[in-house]
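Topology and contacts: notes
One letter stands for each residue in the lines below.
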Amino acid sequence: MGMNQTPASERVHISFFGKRNAGKSSVINAVTGQDLAIVSQVKGTTTDPVYKTMELLPLGPVVVIDTPGIDDEGELGKLRIRKSYQVLNKTDVALLIVDGTAGRQPEDEMLIRRFQDKEIPYLVVYNKMDLMEGEPSCGEDEMWVSAKEKKNIWELKERIAQLGKQEESDKRIVSDLMKSGDFLVLVVPIDKAAPKGRLILPQQQTIRDILDGNGSAIVVKEDGLKDALEKLGQPPRLVITDSQVFDSVAKDTPRDVPLTSFSILFARYKGDLAEAVRGVKAVDSLQSGDRILIGEGCTHHRQCDDIGTVKIPRWLKERAGCELEFDFTSGTEYPDDLSPYRMIVHCGGCMLNAREMRYRVQCAVDQGIPITNYGILIAYLRGILERSVEPFPEILRLLK
């Protein structure tokens, strides 16, 4: 991924839903101006959600998701419908395409209820306006288009942009903790996990956010921190470190300089820092045979491989002093039923959008299962969590 591209996890996710012959693919192609979806005369050509990152004006960088038809028959059909429903967990704006000549069907009504339950901004788009007499009337969350004749497509894009803008988060990674002109020191170990010539995504995004807040980012390796702090002559607003070198960085950072980690900033930015801090205490009551779910957001050759699948299980067994069982999920897999688990440890989710990360946390909370993340867990096991959440007094109180 080039530095000049907005990462997919930061883009507004726009999902198109609809029955198999509603003309969903044709509407997507009309909106995006490119053959993104598969259009064919055969009902139900789309079998898996299709993701496409693109610029959609007037909104900007988006991910457009085309989903399988929601009225598929048979066993395979059920699987497709489930995949369509799972897309809702990462959807920022939902568009339901309805065949205007047939009107809304029971499957459409079910989806609308899902949008409302999940509080996803949505629009019902009636297609095939070219087959209707005049322009039919419609309600507030509805509009008519003709994909075939490109009627009202410009207006549809404007509506999508309005809904997308509502979803643009005002959350910041770190710039809300600093003033213009502040400088922050970022400690970045250059290990085999960071691809040659690049910083990993959370580091890039943090630097960008500091610059957006008119601050300066000073980036050092862990063995250069002490020297850098001495040369600066005045304390930085904050030292942010990779969790894996927290121990040595804590030793080299004067006690009066606030210190935190990338994973803690990302837990706050993407997920729910308070829940992660509450959830981490479950490690103190683990018993023999407890099952733990380790969740990763990405499916690349996991650079978290050794962390998620090797180190964390080892550390947890050492802490608990007994045998534990582990399940691992990666990418978009995430079980609906979390009841078999004593606790969940999730990665920071830099590859997931905030809505999906919050959804995963909420699933755990709803089912009463403690959930935490890698960085919080590592800090807690090493006895440095208190220090690393000191910049957030309301979170620190949860540890008292």
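Overview of the structure. (Residues numbered from 1 in each chain as written. Predicted model: local features only at pLDDT ≥ 70, side-chain atom pairs only at ≥ 80, totals over all residues. Heavy atoms only, no water.)

Turning to the packing of helix 9 (residues 273–280) against helix 12 (residues 374–381), a few remarks are in order. The interhelical angle for the contact between helix 9 and helix 12, taken along N-to-C directions, is 45°, at an axis separation of 10 Å. Of the possible angle classes, the one that applies to helix 9 and helix 12 is oblique. The handedness of the crossing between helix 9 and helix 12 comes out as right-handed. The residues of helix 12 that touch helix 9, namely those facing Leu273, Ala276, Val277 and Val280, are Ile376, Leu377 and Tyr380. In the contact of helix 9 with helix 12, the residues fall into seven nonpolar, no polar and no charged. (Axes fitted to C-alpha atoms, helices over the stretch in contact; angles between N-to-C directions. Helix = DSSP H or I, 4+ residues; strand = E, 2+ residues; numbered from the N terminus. Parallel < 35°, antiparallel > 145°, perpendicular 65-115°, else oblique. Left-handed = near helix turned anticlockwise from the far one by under 90°. Contact = heavy atoms within 4.5 Å. Nonpolar A, V, L, I, M, F, W, Y, C, P; charged D, E, K, R; others polar.)

Glancing now at helix 8 (residues 262–270). Among the nine residues in helix 8, nine count as buried, and that is most of the element. Residues of helix 8 that are buried include every one of Phe262, Ser263, Ile264, Leu265, Phe266, Ala267, Arg268, Tyr269 and Lys270, and no others. (Buried < 20%, exposed > 50% of the residue type's maximum accessible area, 1.4 Å probe, protein only.)

The subject of this paragraph is the pairing of strand 1 (residues 12–18). Burial analysis of strand 1 places seven of its seven residues in the buried class, the great majority of the element. The pairing of strand 1 with strand 3 (residues 60–66) spans five bridges and is parallel. Note that in strand 3 the partner of Val12 across the bridge is Val62. Bridging between strand 1 and strand 4 (residues 93–99) involves five bridges; their strand directions are parallel. Directly across from Ser15, in strand 4, lies its bridge partner Ala94. (Pairing = 2+ DSSP bridges.)

This part covers the environment of His13. Turning to its location among the elements, His13 is positioned in strand 1. Relative accessible area serves as the criterion here: at 6%, His13 is assigned to the buried category. Through-space distance from the C-alpha of His13 to that of Val63 is 4.8 Å; in sequence the pair is 50 residues apart. Within the local environment of His13, its side chain forms a polar contact with the backbone oxygen of Arg11, the two atoms lying 2.9 Å apart. (Polar contact = N/O pair within 3.5 Å; in protein donor to acceptor, adjacent residues only side chain to side chain.)

The next thing to look at is the packing of aromatic side chains. Across all of its chains, the model carries four aromatic pairs by this definition. Aromatic side chains Phe266 and Tyr269 sit 5.8 Å apart centroid to centroid with 85° between the ring planes, which places their arrangement in the edge-to-face category. With a gap of three residues between them, Phe266 and Tyr269 both fall in helix 8, about one helical turn apart. Like Phe266, the residue Tyr269 is buried in the burial classification. (Phe/Tyr/Trp six-rings, centres within 6.5 Å; stacked < 30°, edge-to-face > 60°.)

A few words now on the sheet that holds strand 10 (residues 259–261). In spatial order, the strands read 8-7-9-10; together these four strands make up an open sheet with parallel pairing. Edge positions in the sheet fall to strand 8 (216–220) and strand 10, since each has one partner strand and no second. When the angles between neighbouring strand axes are averaged without regard to direction, this sheet yields 25°. Relative to the sheet, helix 6 (residues 225–232) contacts strand 7 (183–187), strand 8 and strand 9 (238–241), its axis offset from that of strand 7 by approximately 170°. Contacts from helix 8 reach strand 7, strand 9 and strand 10, with the element oriented near 70° to strand 10.

Our next topic: the environment of Gln34. In this structure, Gln34 sits in the loop between helix 1 (24–32) and strand 2 (50–56). Judged by relative accessible area, Gln34 falls into the partly exposed class, the value being 29%.

Considering all chains together, one arrives at 15 salt bridges under this definition. Here Arg319 and Asp284 are joined by a salt bridge, their closest N and O atoms 3.0 Å apart. With Arg319 in helix 10 (residues 305–320) and Asp284 in the loop between helix 9 and strand 11 (291–295), the pair connects residues that are 35 residues apart, well separated along the chain. Residue class for Arg319 comes out partly exposed when judged on its relative accessible area of 37%. It is possible to trace a salt-bridge network through shared partners that takes in Arg104, Glu109 and Glu142. (Salt bridge = Lys/Arg side-chain N within 4 Å of Asp/Glu carboxyl O.)

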